[in-house]
Amino acid sequence: MISLQARVEPSKLMGFAAPVIALALTVLAGLILFALLGVPLDKAFYSFFIEPLSSTYELSELGVKAAPLIMIAIALSIGYRANVWNIGAEGQFILGAICGGAVALFFYEIEAWYILPLMVLAGMLGGMLWAAIPALLRTQFNANEILTSLMLTYIAVLLLSLLVNGPLSDPDGYNHAESRMFHAAATLPIILEGTRLHIGAPVALLLVVVVWVLLSRTLLGFALKVNGIAPRAGLYAGFTQKRLIWFSFLFCGAVAGCAGLFEVAGPIGLLLPEISPGYGFTAIIVAFLGRLHPVGIVFAGLVVALSTLGGEAAQINLNLPLAVTGVFQGMLLFFLLATDVLINYRVVWRATGSRA
Amino acid sequence: MNIDSTMLVMIALSVISAATPLIYAAIGELVVEKSGVLNLGIEGMMLAGAVSGFGVGHLSGSSFLGVLAGIIAGMLLAMLFAFLTLNLRTSQVATGLALTIFGIGLSALVGKSLIGIAYAGVPTYAVPFLSDLPVAGPLLFQHNLLVYGSVALVVLVSIFLKYTRAGLILRAVGDSPESAHALGYPVMAVRYIATLFGGACAGLAGCYLSMAYTPSWQEEMTAGRGWIALALVVFATWQPGRLIFGAYLFGGFTILQLHAQAMGINVPSQLMSMLPYIATIVVLVIISRDSGRIRKNAPASIGQAFHPTK
């Protein structure tokens, strides 16, 4: 019989190995799934692992997809360390896009250098506003932040649809549900000629450094860690849970809002009813895959972005539905959670009947 | 305009119809939570149930087989959740989220060929004689079996939790797994059974959506109902009787959109669609602010892994 034996100390080796094992298991399960669906495995392998890495343009697309995932995941990881479960980053992302995009459309006649910074500011404030609601409801009324932040995501999607069908729609657009194209001064600079790679990628890397310093070198980082592991100890040490909730939510709201603005001012270039392929939700997986560590999250963001690109390639090459990506990401998270058990427990074989 | 009794009956019927999937999903989760387990994956299990029920119902031509398939699909995902959280002691919050993401993807993958297919749906069953009554007849006695089943299930669960020995054990496991274990009750088995029951109910809720409410399959057709069901359990403060009231209240918010236009209220459809989500937040706030009441009624060990060896 297999049983779990608690380790005296968490295994450092397994801390690194577990995500790798989980990835390997996901690939294996994916191969089995494709075999069951009758998909030629060589073509599937090519779509997921070769094609997305085959040219400079494909590699730059990896950066375009990974940047928002890394940004949001880094921000989420702060709260998750302290058991603050913000799962509404998708809504905060959308609000950032709405508020920042509205600035671009409001100043449509003006082409000046200050438009873009203004948009970024508005995007961050929009995301913070949306994140402040669950934080307020949790700290003041004890309302579960998982449910409120998620409900707000549904509301944000509808709000965006309402706005692009109404006040923010293109006046010359024949009632299409979209805004005007942002003009050049309201779009992000491209950092690699001929690609869509925008300043989101360096911003994401900068954020990684900032959060890494925050978590490892400041009292706040220590407080987050203590509150996650032992809330009561945190209380005695004077770290109030309320302040951590507020900080986690506002920080994530600002970052997710910024990522949302980057998306509409970058690759998309206007406001549409659908601006996110679920970045806010996928980032949750990225945060866990990176073990809530800033550096781990960078690798995790690249891996998950690769699976997204692979899913798109498989859609074209193999006529597979895009939902395959969701299946993979769900499986990855399952395997990840399952292999995490190896960190704190040793798997031992015991003869049946000899239970201690 | 005038609102006559036929119209009121029609509105009431659509409320009942919109509330039924919420009742199934929420009563299942209520039992799960009473055993001390928090499964946030209702949305995923509902979608699995919806796509399986619709697919099997369509292929076999039997709505009975369809519903059965939906229930089994929900239970299979619940089994996965139970294995991870109970045997491998993974975080219940994270595992539930994974279940939702996985369920959304898997159901979309499986259901790709089912989009756009029309389906007759689950037949209604008119209770003899009683269904001929004016007003009360159409209101109470002309539904499909799933609607009757939802009310019956709530009554049964209520009796089970309050008056049976097994129900008492389930509550004991949820309130203090250590004591229950010390008394010799099988904590793991109880939690497994409760989680599977929750999966079956969520699968059934999904079936209702794809086979009776709007007989068709669409990706992510649950539209957050699984999460609203989670909020309903809090709203009901873990009491089945209140849950049914809450579900009808939310059903009302859901159908307001359909009837507002008929009544000549000209509000953008998106604003009306926001109502159930806004209502969920408002209701959560009202209930949760009384933390004493939550603490009194919530299962004490909810969300915590149980280590029998400790």
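In this text, all values refer to a predicted model and were calculated from it rather than measured experimentally.

Trainee: So what about the overall build of chain B? Which residues, and what values?
Mentor: When you go through chain B residue by residue, the secondary structure sums to 13 helices and 2 strands. In terms of C-alpha radius of gyration, chain B reaches 20 Å, essentially the compact-globule figure of 19 Å for 310 residues. Reported as C-alpha extents along the three principal axes, the dimensions of chain B are approximately 65 × 45 × 45 Å. A buried classification covers 50% of the 310 residues belonging to chain B. Taking the intrachain contacts of chain B between residues at least 6 apart in sequence as the baseline, contacts between residues at least 24 apart amount to 78%.

Trainee: Give a detailed account of the overall build of chain A, specifying residues and quantitative values.
Mentor: The helix and strand tally for chain A stands at 13 helices and 2 strands. In terms of overall dimensions, chain A is globule-like: its C-alpha atoms have a radius of gyration of 22 Å, near the 21 Å expected for 356 residues. Considering only contacts within chain A whose residues lie at least 6 apart along the sequence, 78% involve residues at least 24 apart.

Trainee: Give me the interface of chain B and chain A: which residues, what numbers.
Mentor: One widely used convention gives an interface's size as the accessible area the parts lose upon coming together. Taken together, the contact between chain B and chain A spans 38 residues of the former and 35 residues of the latter. Contributions of two or more residues to the side of chain B that touches chain A are made by helix 4 (92-110), helix 10 (225-235) and helix 12 (269-288) of chain B. In terms of residues, the side of chain B that touches chain A owes the most to one element, helix 4 of chain B, which gives 12 residues. Of the residues belonging to the side of chain B that touches chain A, the class tally is 25 nonpolar, 10 polar and 3 charged.

Trainee: An account of the confidence of the model for chain B is requested, with residue identities and associated values reported.
Mentor: Per-residue pLDDT for chain B averages 87, and the proportion of residues at 70 or more is 95%. Prediction confidence for the complex, expressed as pTM and ipTM, is 0.89 and 0.88 respectively.

Trainee: I'd like to hear about helix 4 (residues 89-106) of chain A, residue by residue, with values.
Mentor: The terminal C-alpha atoms of helix 4 of chain A, which comprises 18 residues, lie 25 Å apart, in line with the 26 Å expected from a rise of 1.5 Å per residue. Within helix 4 of chain A, 16 of the 18 residues are buried, leaving the element largely enclosed by the surrounding structure.

Trainee: Hey, could you go over the environment of Ala69(B) for me, with residue numbers and the actual values?
Mentor: All names here are of chain B. Along the chain, alanine 69 turns up in helix 3 (residues 63-87). Exposure remark for alanine 69: the 24 C-beta atoms within 10 Å place this residue in the buried category. Sequence separation between alanine 69 and leucine 106 is 37 residues, and the spatial gap between their C-alpha atoms is 15 Å.

Trainee: For helix 3 (residues 56-81) of chain A, give the residues involved together with the corresponding values.
Mentor: All names here are of chain A. With 26 residues, helix 3 extends 36 Å between its outermost C-alpha atoms, agreeing within 8% with the 38 Å of an ideal straight helix rising 1.5 Å per residue. Along helix 3, the sharpest change in direction is near 30° and occurs at alanine 66; proline proline 68 comes one to four residues later. Counting buried positions along helix 3 gives 21 out of 26 residues, so the element sits mostly inside the fold. Two residues or fewer after helix 3 comes asparagine 83, characterised by a positive phi angle close to 60°.

Trainee: Go over the packing of helix 2 (residues 41-50) of chain A against helix 12 (residues 294-318) of chain A, please, and point to the residues and values.
Mentor: Residues and elements named next belong to chain A. Running from amino to carboxyl end, helix 2 crosses helix 12 at an angle of 140°, the nearest separation of the two axes being 7 Å. What the angle tells us is that helix 2 and helix 12 run oblique. Read as a crossing pair, helix 2 and helix 12 show a hand that is right-handed. In this structure, helix 2 contributes Lys43, Ala44, Ser47 and Phe48 to the contact, and helix 12 contributes Gly310, Ala313, Ala314, Asn317 and Leu318. Taken together, the residues of the contact of helix 2 with helix 12 sort by class into 5 nonpolar, 3 polar and 1 charged.

Trainee: With reference to specific residues and values, describe unusual backbone geometry.
Mentor: All names here are of chain A. With a phi close to 60°, asparagine 319 is a non-glycine residue in the positive phi region. Relative to the elements of secondary structure, asparagine 319 occurs in the loop between helix 12 and helix 13 (323-344). Owing to 9 C-beta atoms within 10 Å, asparagine 319 belongs among the exposed residues under this scheme.

Trainee: Describe the nonpolar core, and please don't skip the residues or the numbers.
Mentor: Residues Ile70(A), Ile72(A), Ala73(A), Val255(A), Val286(A), Ala26(B) and Leu232(B) are the most contacted members of the largest nonpolar core, which totals 221 residues. Not counting the four nearest positions on each side in its chain, Ile72(A) is found in contact with Ala89(A), Phe93(A), Val255(A), Ala256(A), Ala259(A), Tyr279(A), Gly280(A) and Ala283(A).

Trainee: Lay out the packing of helix 2 (residues 42-60) of chain B against helix 3 of chain B with the relevant residues and their values.
Mentor: All names here are of chain B. Close contact between helix 2 and helix 3 brings their axes to 7 Å; oriented N to C, the two are set at 150°. In terms of orientation, helix 2 lies roughly antiparallel with respect to helix 3. The way helix 2 lies across helix 3 gives a crossing that is right-handed. Note on element contacts: helix 3 touches helix 2 through Ser63, Leu65, Gly66, Val67, Ala69, Gly70, Ile71, Ala73, Gly74, Leu77 and Ala78, opposite Gly44, Met45, Ala48, Gly49, Ala50, Ser52, Gly53, Phe54, Val56, Gly57 and Ser60. Taken together, the residues of the contact of helix 2 with helix 3 sort by class into 12 nonpolar, 10 polar and no charged.

Trainee: Give me the environment of Val20(A): which residues, what numbers.
Mentor: Along the chain, Val20(A) turns up in helix 1 (residues 12-37). Residues Val20(A) and Leu289(A), spaced 269 residues apart in sequence, show a C-alpha to C-alpha distance of 9.4 Å.

Trainee: How would you summarise the environment of Gln142(B) if you had to cite specific residues and measurements?
Mentor: With respect to the secondary-structure elements, Gln142(B) resides in strand 2 (residues 142-144). For Gln142(B) and Ser131(B), which are 11 residues apart along the polypeptide, the C-alpha to C-alpha distance reads 6.0 Å.

Basis of the calculations
Residues numbered from 1 in each chain as written. Chains lettered and ligands numbered in written order. Predicted model: local features only at pLDDT ≥ 70, side-chain atom pairs only at ≥ 80, totals over all residues. Helix = DSSP H or I, 4+ residues; strand = E, 2+ residues; numbered from the N terminus. Rg over C-alpha atoms; globule rule 2.2 N^0.38 Å. Buried ≥ 20, exposed ≤ 12 C-beta atoms within 10 Å, placed from the backbone. Contact = placed C-beta atoms within 7 Å. Nonpolar A, V, L, I, M, F, W, Y, C, P; charged D, E, K, R; others polar. pLDDT = per-residue confidence, 0-100. Expected span 1.5 Å × (residues − 1). Bend = angle between axes of the 7 residues up to and from the residue. Axes fitted to C-alpha atoms, helices over the stretch in contact; angles between N-to-C directions. Parallel < 35°, antiparallel > 145°, perpendicular 65-115°, else oblique. Left-handed = near helix turned anticlockwise from the far one by under 90°. Core = buried A, V, L, I, M, F, W, Y, C linked by C-beta atoms within 7 Å.

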